[in-house]
Amino acid sequence: MAGAPTVLIVDDAVFMRNMLADILRSDGFEIVGEASTGIEAVDKYRELGPDLVTMDVIMPDMGGIDAVKQILEQDANAKVMMCSAMGQQALVIEAIQAGAKDFVVKPFHPSRVLEAARRIIK
Amino acid sequence: MDISKYRDIFFTESREYLTQLNTVLVQYEKDGNFRSAVDELFRSVHTLKGMASAMGYEQIADLSHELENFLDSMRDHNPGSKDTDLLFQAFDALEQLVNAQERDDEELDVAEILEAVRSRLQEGVSGQASQSVARNSEPIQVALVEDGIPAYRVKVRLDQECVFKVARAMVVIGTLDSVGRVLACDPEVAEKAESTFDGMFDVYLQCSEVQSKIEEMVRQMPEVMAVEVLPFSPDMDRKQLDPKPAALKRERQAASLGMDKALAVSETVRVNVAHLEAMMNACETLVMDRAALARLSEAIRDKDLDRLVGALTRNLSDLQHEVLQARMVPAAEILDRFPRMVRDLAKELGREVDLVCTGRDTEFDRSLLEHLGDPLVHLLRNAVDHGIESTEERIASGKPRRGTLTISVNRDRDNVVFMVEDDGKGINKDAVLRKALDSGLIDQDEVEAADFDDTLELIMRPGFSTATSVSKVSGRGVGLDVVRHSVRSLGGALDVESAPGSGTRCTMRLPITLAIIKALLVQVGEEEYAIPTGHVFEVMAVPESDMNLVNRQWVLAREQGVLPLVIMRDALEVAGEKVRDGRPKTVVVVSVGSRRSGLVFDRLLEQQDIVVKGLGDLLRPVEGFTGVTIGGDGRPILILDVTSFV
């Protein structure tokens, strides 16, 4: 992989997007795009082809799981990391079964997020 | 992998572990120290499980697995008698399974005992243990999907802090699937509810990466606490997930112990018994050929031939000695099953008994093994049933509360001597005589003349009594005639001593091998007989004039006293002249217990090794002979049961 790994951050909350962006940037990731809905995420993925997608589980219109499915339909090698809150394990499991590569649980520990992100794009 | 070649060793070894299990548990019942017992029990059961899994004997593995959980749950509290009884039952079931497996009989159903262990575990111990039972209750099947690619079992334990254990496990599984092919998971993680999943799981994986690479990859994953990658083959297509992390450590300990053991015994090899039998048979044939050759060379009278026969005799004797050594088994093989048996017996009869075994290392030929069990069991049963008193009786008569039963095994020249001794009430002379009178074995005159030795002799007679009546009347005698009969048919002797009030001792003296024994060949008239030297005290040449008839009994007066004689020509009903033909006679003095008699023959021929053949079922009831051997000229020679002439 030439240059910094690229990331698409998908979350309906700006707070979360910023926080994730800061964490990832601190370790040399390049944030190439952000999306606040599932539909937007699918479109941006097609457009940007990032190395990694961080995906919120619950979002307005299209949820994270359907977005994962559609992204993987486009690119079977897409690398998606789910971002979940406590109590959403059933959805995380569904996402993993759909093809998500890993997950992190809010509240985020920066080290945990980076660990997962690094491992996925390896 | 062809596992059938491990079959024999599996059965041999699993029996050793079963014996070990019983011994350790009996010891616990005795000393109440479960802490020292539980590790040993756990280790034996664990090893058994591993062996059975590797062989694909699922029932054995299943039951061992449950027992392992059960034992693990008891580490912190001593099991009560209900638990030990259950364990004993489970050990029995395991033994039955092993036996059934050896017969290729897969019909045996142990579901009941399996269920009993499971439910005991659930009612008795913490939820965690019962969870692990539930998790492991369904066996999984793993089949390889592609040949030539190594398969692994990846054992993973997640961090206890991990909040989404199922999801985390699935990520691990997904990652493994990205480098190889996941064949199965145990438990099936995806079907688990978060609340019942403890974060431990096995992934069966086929993957061309090396073991260490896989391990490293999983270790680096978030929230993975421990990982172990083991080679896997579908022969072991059963789960072996340990119930707790601690068990993982124990498994390693057990493995390293096993290694030490293997190093310690590296000087020995295991040999199939069939080879030993074949070696002995070959020896027997050689022994007979040698005898024939010796007879031939006697007739030819050639110096060189004589020397050759001499050398052959020596070499053959050495060979025979070595073969016999190879076939030797320690008495432990038979003794080690008795603690459990005596424990059961004592419990059944409401006695308190300590069993002491000495001479476990005493060796004898394996041909004895199968014949020893029944007589010894008879003697032990007698001692517990009729010898040792009830606890109340013992206390009343000022004896220690618990009775002591001792089995000791010693080697005495070419004999092995088994002694079964109890500190019970001994044999009651009056009761025995009364009983013998009632059953018509003796008349009133004989009752009055009888001394204690006669009394002991009586209880070994066939028809003395039956088990039920004697146990009420005198207290001893059950099947002693049966024991004596089998001991005699092995060329041995049974001797009973008893001190009223303080105990009884039964001594079984047997040749160390049943296959080839040293014997004297003697002649009466035209007939030859063999006498096993085990019973021979001395051999004398005696002029006829020294033998006297006193009270219808031939005797020989000697410095040590009067020796009763048995004129074998009469006893064996040999045709020909009567005893007084003017020539000196050969008197073979035989001793059985404290009794001695002189057996009078016409001539002593020689001493040689003879091959013992059984008489077969048709001739077995014939009194006076223990077997037959083949002479140098091919004629059969009967082997005398000297004990029946004393």
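Please refer to the structure higher up on the page.
Conventions adopted
The residue count restarts for each chain, going from 1 along the sequence in the order it is written. As they are written, the chains are lettered A onward and the ligands numbered 1 onward, keeping that order. With the structure being a predicted model, the display of local features is reserved for residues of pLDDT at least 70 and the display and counting of side-chain atom pairs for 80 or more, all residues being used for whole-chain, interface and lining totals. Computation of side-chain values: all heavy atoms of the structure, hydrogens and water removed. Pairs of residues are marked as contacts when any of their non-hydrogen atoms sit within 4.5 Å. For any pair of parts, buried area is found by adding up, for both, the accessible area (1.4 Å probe) each one loses once the two are put together. The salt bridge definition used is simple: a Lys or Arg side-chain nitrogen within 4 Å of an Asp or Glu carboxyl oxygen. Whenever two N or O atoms come within 3.5 Å, that pair is a polar contact, provided that in protein one can donate a hydrogen and the other can accept it, and provided that, for residues adjacent in sequence, both atoms are side-chain atoms. Note on conventions: DSSP H or I runs of at least 4 residues are helices, E runs of at least 2 residues are strands, and numbering of each starts at the N terminus. Just so you know the grouping, Ala, Val, Leu, Ile, Met, Phe, Trp, Tyr, Cys and Pro go in nonpolar, Asp, Glu, Lys and Arg go in charged, and all remaining residues, Gly too, go in polar. Here an axis means a line fitted to C-alpha atoms, over the contact stretch when the element is a helix, while the angle between two N-to-C directions is reported on a 0 to 180 degree scale. Geometric relationships in this document are graded by angle, where less than 35 degrees denotes roughly parallel, more than 145 denotes roughly antiparallel, 65 to 115 denotes roughly perpendicular, and other angles denote oblique. Handedness of a crossing follows from how the near helix is turned relative to the far one, being left-handed for an anticlockwise turn of less than a right angle and right-handed for a clockwise one. Distance thresholds for patches are 9 Å for like charges and 5 Å for nonpolar side chains (Val, Leu, Ile, Met, Phe, Trp, Tyr), applied to residues having over 30% relative accessible area and no salt bridge. Only the protein chains shown count as covering a residue, and every accessible area follows the Shrake-Rupley method with a 1.4 Å probe. DSSP bridges decide pairing: two strands pair if at least two such bridges lie between them. Joining through side-chain atoms within 4.5 Å is the link that ties buried Ala, Val, Leu, Ile, Met, Phe, Trp, Tyr and Cys residues into a set, and such a set is a nonpolar core. Note on exposure labels: buried denotes an accessible area under 20% of the residue type's maximum, exposed denotes more than 50%, and partly exposed covers the range between, all computed with a 1.4 Å probe on protein chains only. In this context, the arc is that of the directions from the helix axis out to the C-beta atoms. Asp and Glu count as negative and Lys and Arg as positive, but His and the ends of the chain are not part of the count. Taken as the charge centre is NZ of Lys, CZ of Arg, CG of Asp or CD of Glu, depending on the residue.

Draft legend 1. A look at the interface of chain A and chain B. Contacts between chain A and chain B engage 18 residues on the former and 14 residues on the latter. Summed over both partners, the interface of chain A with chain B comes to about 1300 Å²; 68% of that surface belongs to carbon and sulfur atoms. For B:Glu223, the salt bridge identified is with A:Arg112, shortest N-O distance 3.6 Å. Applying the counting criterion to the chain A and chain B interface returns three residue pairs in polar contact (both at pLDDT 80 or more). Among the secondary structure elements, those contributing two or more residues to the side of chain A that touches chain B are helix H4 (89–98), strand E5 (102–105) and helix H5 (110–121) of chain A. With five residues, H4(A) is the largest single contributor of residues to the side of chain A that touches chain B. Looking at the side of chain A that touches chain B residue by residue, the classes come out as seven nonpolar, five polar and six charged.

Draft legend 2. Region of interest: the packing of helix H4 (residues 81–102) of chain B against helix H13 (residues 338–349) of chain B. All names here are of chain B. One can describe the packing of H4 onto H13 by two numbers: an axis separation of 13 Å at closest approach and a directional angle of 130 degrees. As far as their axial angle goes, H13 and H4 are oblique. Crossing handedness for the pair H4 and H13: left-handed. On H13, the residues that touch Ser81, Asp85, Phe88 and Asp92 of H4 are Arg340, Arg343 and Lys347. Class assignment of the residues belonging to the contact of H4 with H13 gives a composition of one nonpolar, one polar and five charged.

Draft legend 3. Just a nonpolar patch on the surface, in detail. Residues and elements named next belong to chain B. On the surface, a nonpolar cluster with roughly 340 Å² of combined accessible area is contributed by Leu293, Leu296, Ile300 and Leu312. A total of three residues in the nonpolar patch trace back to one element, the largest contributor, which is helix H10 (residues 273–300). By secondary structure assignment, the location of Leu312 is in helix H11 (residues 303–327).

Draft legend 4. The arrangement of the sheet that holds strand E17 (residues 561–567) of chain B in detail. Residue and element names in this part refer to chain B. Taken in spatial order, the six strands make up an open sheet running E14-E18-E19-E17-E16-E15, and their pairing is mixed. Only two strands of the sheet have a single partner each, and these edge strands are strand E14 (536–542) and strand E15 (547–550). On average, each strand axis in the sheet is tilted by 35 degrees relative to the strand beside it, whichever way the strands run. Note that strand E18 (residues 585–592) and strand E19 (residues 595–601) share seven bridges and pair antiparallel. In the strand pairing of E19, Val587 is matched with Val600.

Draft legend 5. Structural view of the nonpolar core. Residues B:Phe364, B:Leu372, B:Leu405, B:Phe418, B:Met508 and B:Leu510 are the most contacted members of the largest nonpolar core, which totals 59 residues. In terms of residue count, the dominant contributor to this core is helix H14 (residues 369–387) of chain B (seven residues). Among residues more than four places away in sequence, those in contact with B:Met508 are B:Leu372, B:Pro375, B:Leu376, B:Leu379, B:Val416, B:Val417, B:Phe418, B:Val483, B:Val487, B:Ala493 and B:Leu494. Grouped together as the second largest cluster of nonpolar side chains are 53 residues, A:Ala35, A:Ala41, A:Met82 and B:Ile214 included.

Draft legend 6. Looking closely at the pattern of salt bridges. Residue and element names in this part refer to chain B. In total, this model carries 43 salt bridges over all chains according to the counting rule given. With a closest N to O distance of 2.9 Å, Glu389 and Arg394 form a salt bridge. The class for Arg394 is buried, based on a relative accessible area of 0%. A salt bridge links Glu457 to Arg484; the shortest N-O distance between them is 3.1 Å.

Draft legend 7. Region of interest: the packing of H13(B) against H14(B). All names here are of chain B. Between H13 and H14, the shortest axis-to-axis distance is 10 Å and the interhelical angle comes to 35 degrees. The element H13 and its partner H14 pack so that their crossing is right-handed. Listed contacts from H14 to Phe338, Met341, Val342, Leu345, Ala346, Glu348 and Leu349 of H13 are Leu376, Val377, Leu380, Arg381, Val384 and Asp385. Tallied by class, the residues present in the contact of H13 with H14 amount to ten nonpolar, no polar and three charged.

Draft legend 8. Summary view of helix H20 (residues 480–489) of chain B. All names here are of chain B. Of the residues making up H20, those classed as buried are Leu480, Val483, Arg484, Val487 and Arg488. Down the axis of H20, the sector holding all buried residues measures 130 degrees, keeping them to one side. Of the residues one or two after H20, Gly491 is the one with positive phi, at around 80 degrees.

Draft legend 9. A look at the sheet that holds strand E2 (residues 30–35) of chain A. All names here are of chain A. Read from one edge to the other, the open sheet built from five strands follows the order E2-E1-E3-E4-E5, with strand pairing classed as parallel. If you trace the sheet from one side to the other, it starts and ends with E2 and E5, each paired once. When strand polarity is set aside, the average angle formed by the axes of neighbouring strands in this sheet is 20 degrees. With five bridges joining them, strand E1 (residues 6–10) and E2 adopt parallel strand pairing. Opposite Ile9, over in E2, you have Glu34 as the bridge partner. This element, helix H2 (residues 38–48), spans E1, E2 and strand E3 (52–56) of the sheet and lies at about 145 degrees to E2.

Draft legend 10. Quick look at the environment of B:Arg394. All names here are of chain B. Mapping Arg394 onto the fold places it in helix H15 (residues 391–396). In sequence terms Arg394 and Glu352 are 42 residues apart; their C-alpha atoms lie 10.0 Å from each other. Within the local environment of Arg394, its side chain forms a polar contact with the backbone oxygen of Pro400, the two atoms lying 2.8 Å apart.

Draft legend 11. Geometry of unusual backbone geometry. All names here are of chain B. Of note, the bond from Asp186 into Pro187 is cis; its omega dihedral lies within 30 degrees of zero at -5 degrees. With respect to the element layout, Pro187 can be found in the loop between strand E2 (181–186) and strand E3 (200–206). Phi at Arg301 is positive, roughly 55 degrees, even though this residue is not glycine. A positive phi angle is found at Arg552, which is not glycine, with a value near 65 degrees.

Draft legend 12. Spatial organisation of the side chain of B:Asp202. Note that B:Asp202 resides in strand E3. A distance of 3.3 Å separates polar atoms of two side chains, one belonging to B:Asp202 and the other to B:Arg153.

Draft legend 13. How the structure looks around a negative patch on the surface. All names here are of chain B. Together, Asp443, Asp445, Glu446, Glu448, Asp451, Asp453 and Asp454 make up a negatively charged patch on the protein surface. Residue assignment for the negative patch shows that the elements contributing at least two residues are helix H17 (444–449) and helix H18 (452–459). Relative to the elements of secondary structure, Asp454 occurs in helix H18. When its relative accessible area of 31% is taken as the criterion, Asp454 is described as partly exposed.

Keep in mind these values describe shape, not function.
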